[in-house]
Amino acid sequence: MKILITGATGLVGREIVEQCTQKGYFVHYLTTNKEKIKNNSVLKGFYWNPESQDIDSECLEGVSAIINLAGASISKRWTPNYKLEIANSRVNSVKLLHKLLSENKHQVTFLASASALGIYPSSFKTEYDETNKDLNPTFLGKVVHGWEKEIDKIKSLDISVSKLRIGIVLSKDGGALQQMAKPIKLGFGAGIGNGKQYQSWIHIKDLAHMFLFVIEKKLTGTFNAVSSNPITNYNMTKAIAISLKKPLWLPSIPSFLIKILLGEMSALVIESQKLSNAKILNQGFNFKYDLLEKALEDCLN
């Protein structure tokens, strides 16, 4: 099988490329940086620019499935201009894929795209599954909703579509976990707000496996890409401290202070989304790292 990947040079993309290589799949990838274009027996890069809607159509040669991970990081400060970049980078990437597929001959039958748990409203009580229709009214909720609407337009090209609503990704190579671990390693770890907000998480190896799983099984629709064990912010912080063998002695950081420091971006750490993964489990997916302790051991030690 040959898969075209957008965002292949990012954290999740690199893991997917590695698992594709292990399975003997060939990978075409799109990059906005021409210096990152490589070509070997299993990996071939192509240039694209979603902002200018420019793309090398040869990237489709022999490709049967696409994995879409493209989108600007949400972990940079949300200035008005950067908020536009967060939204536009996601929508414009999908628009360019739609243009590519509608204007060129191809063999693509399936697209699996990243989405995010931020589409769900913040709640300390509700456990959300994919049937939920309530939308998060915040900036992130609106971004993800617009992103998914654009992704669904690919169906009009007679291509099956799967959307993975990704939780907090745990990895040893960067991302949210390493940012959470930094102050704890220095002895300044603390919970955020009341610490009761749920954080639905997934190990990066399980996430990469899930993208390939939905393609291999041709599973369409929306799936919550999270482990079976969402955990509160305080318990996550405590588990990281235990894994690092560090004490937690500071009081929790008040929510109002987080809002002052981060502004609208504070939603990333204050909001609570408890997600169910029953839908993907019922399709036969098996998690390698379903317990937080095991995931942290792999990523931190």
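(A) Representation of the overall build of the protein within the structure. Per the secondary structure count, the protein includes 10 helices and 14 strands. The C-alpha atoms of the protein give a radius of gyration of 19 Å, which matches the 19 Å a tight globule of 301 residues would have. Once the C-alpha set of the protein is aligned to its principal axes, its extents read approximately 60 × 40 × 40 Å. Here the protein holds 301 residues, and the buried ones make up 50% of them. Long-range pairs, those at least 24 residues apart, make up 77% of the contacts in the protein with a sequence separation of at least 6. Accessible surface, the protein as shown: approximately 14,400 Å² in total, 52% of it carbon and sulfur. Taken together, the 37 basic and 27 acidic charged side chains of the protein have centroids lying 4 Å from each other.

(B) Broad picture of a nonpolar patch on the surface. Residues Ile253, Phe256, Leu257, Ile260 and Leu261 make up a contiguous nonpolar surface patch of roughly 490 Å² in combined accessible area. Structurally, the position occupied by Phe256 is in helix α7 (residues 255-262). Under the relative-accessibility criterion, Phe256 is labelled exposed at 56%.

(C) Just helix α5 (residues 204-216), in detail. Look at α5: 18 Å from first C-alpha to last across 13 residues, which is about the 18 Å you get at 1.5 Å a residue. Burial of α5 is extensive: 10 of the 13 residues sit out of reach of the surface. Residues of α5 that are buried: Ile204, Asp206, Leu207, Ala208, Met210, Phe211, Leu212, Phe213, Val214 and Ile215. Just downstream of α5, Lys218 is the residue with a positive phi angle, here 55 degrees.

(D) Local environment of the sheet that holds strand β3 (residues 43-49). Pairing in this open sheet of eight strands is mixed, and the strands run β4-β3-β2-β1-β5-β6-β8-β12 from one edge to the other. With partners counted over all chains shown, the strands left at the sheet margins are β4 (54-55) and β12 (221-225), one partner each. Judged from the four bridges that link them, strand β1 (residues 2-6) and strand β5 (residues 65-68) form a sheet pairing that is parallel. In the strand pairing of β5, Leu4 is matched with Ile66. Each of β1, β2 (26-31), β3 and β5 touches helix α1 (residues 11-23); the most contacted strand, β1, lies at about 170 degrees to it. Across the sheet, helix α3 (residues 139-152) lies against β5, β6 (110-116) and β8 (160-166), angled at about 175 degrees from β6, the strand it touches most.

(E) Here's a closer look at the packing of aromatic side chains. The final tally for this structure, using the stated rule, is four aromatic pairs. Geometrically, the ring pair formed by Tyr120 and Tyr128 is stacked, given 5.1 Å between the ring centres and 15 degrees between the ring planes. For Tyr120, a relative accessible area of 1% corresponds to the buried category. Ring-pair connections join several aromatic residues into one group, and the members of that group are Phe213, Phe285 and Phe287. In this structure, Lys34 packs its charged tip against the face of Tyr47, placed 4.7 Å from the ring centre. When the ring centre of Phe139 is taken as reference, the NZ or CZ atom of Lys83 above it lies at 4.9 Å.

(F) Examining the pairing of β6 more closely. Where burial is concerned, most of β6 is hidden: six out of the seven residues are buried. Inspection of the sheet shows β5 paired to β6 by four bridges, in the parallel sense. Each residue of the ladder has a partner; that of Ala65, found in β6, is Phe110. With respect to chirality, the unit in which β5 leads through helix α2 (residues 80-103) into the neighbouring parallel β6 is right-handed.

(G) Summary view of the side chain of Glu271. Topologically, Glu271 is positioned in the loop between α8 (267-270) and β14 (274-275). Buried and without a salt bridge, Glu271 has Lys259 as its closest oppositely charged side chain, separated by 9.2 Å. Here Asn136 takes part through its side chain, which lies 3.0 Å from a polar atom of the side chain of Glu271. A polar contact of 3.1 Å, which involves the side chain of Glu271, links it to the side chain of Gln273.

(H) Representation of the pattern of salt bridges in the model. Using the criterion set out here, one finds eight salt bridges in the structure. A salt bridge links Lys23 to Glu216; its shortest N-O distance comes to 3.1 Å. Here Lys23 is found in helix α1, whereas its partner Glu216 is found in helix α5, with 193 residues between them in sequence. Take Lys23: its relative accessible area is 39%, and that puts it in the partly exposed class. For Glu216, a relative accessible area of 29% gives the class partly exposed. The partner of Arg165 in a salt bridge is Glu148, with the nearest N and O atoms 2.8 Å apart. Pair noted here: Arg165 is in strand β8 and Glu148 is in helix α3, with a separation of 17 residues, a long-range link. One exposure class covers both Arg165 and Glu148, and it is buried.

Conventions adopted
- Residues numbered from 1 in each chain as written.
- Predicted model: local features only at pLDDT ≥ 70, side-chain atom pairs only at ≥ 80, totals over all residues.
- Heavy atoms only, no water.
- Helix = DSSP H or I, 4+ residues; strand = E, 2+ residues; numbered from the N terminus.
- Rg over C-alpha atoms; globule rule 2.2 N^0.38 Å.
- Buried < 20%, exposed > 50% of the residue type's maximum accessible area, 1.4 Å probe, protein only.
- Contact = heavy atoms within 4.5 Å.
- Areas by Shrake-Rupley, 256 points an atom, 1.4 Å probe, with all protein chains shown as cover.
- Lys, Arg positive; Asp, Glu negative; His and termini not counted.
- Charge placed at Lys NZ, Arg CZ, Asp CG, Glu CD.
- Patch = residues over 30% accessible without salt bridge, like charges linked within 9 Å, V, L, I, M, F, W, Y side chains within 5 Å.
- Salt bridge = Lys/Arg side-chain N within 4 Å of Asp/Glu carboxyl O.
- Expected span 1.5 Å × (residues − 1).
- Pairing = 2+ DSSP bridges.
- Axes fitted to C-alpha atoms, helices over the stretch in contact; angles between N-to-C directions.
- Phe/Tyr/Trp six-rings, centres within 6.5 Å; stacked < 30°, edge-to-face > 60°.
- Lys NZ or Arg CZ within 6 Å of the ring centre and 35° of its normal.
- Right-handed = clockwise from strand over helix to strand, strands pointing away.
- Polar contact = N/O pair within 3.5 Å; in protein donor to acceptor, adjacent residues only side chain to side chain.

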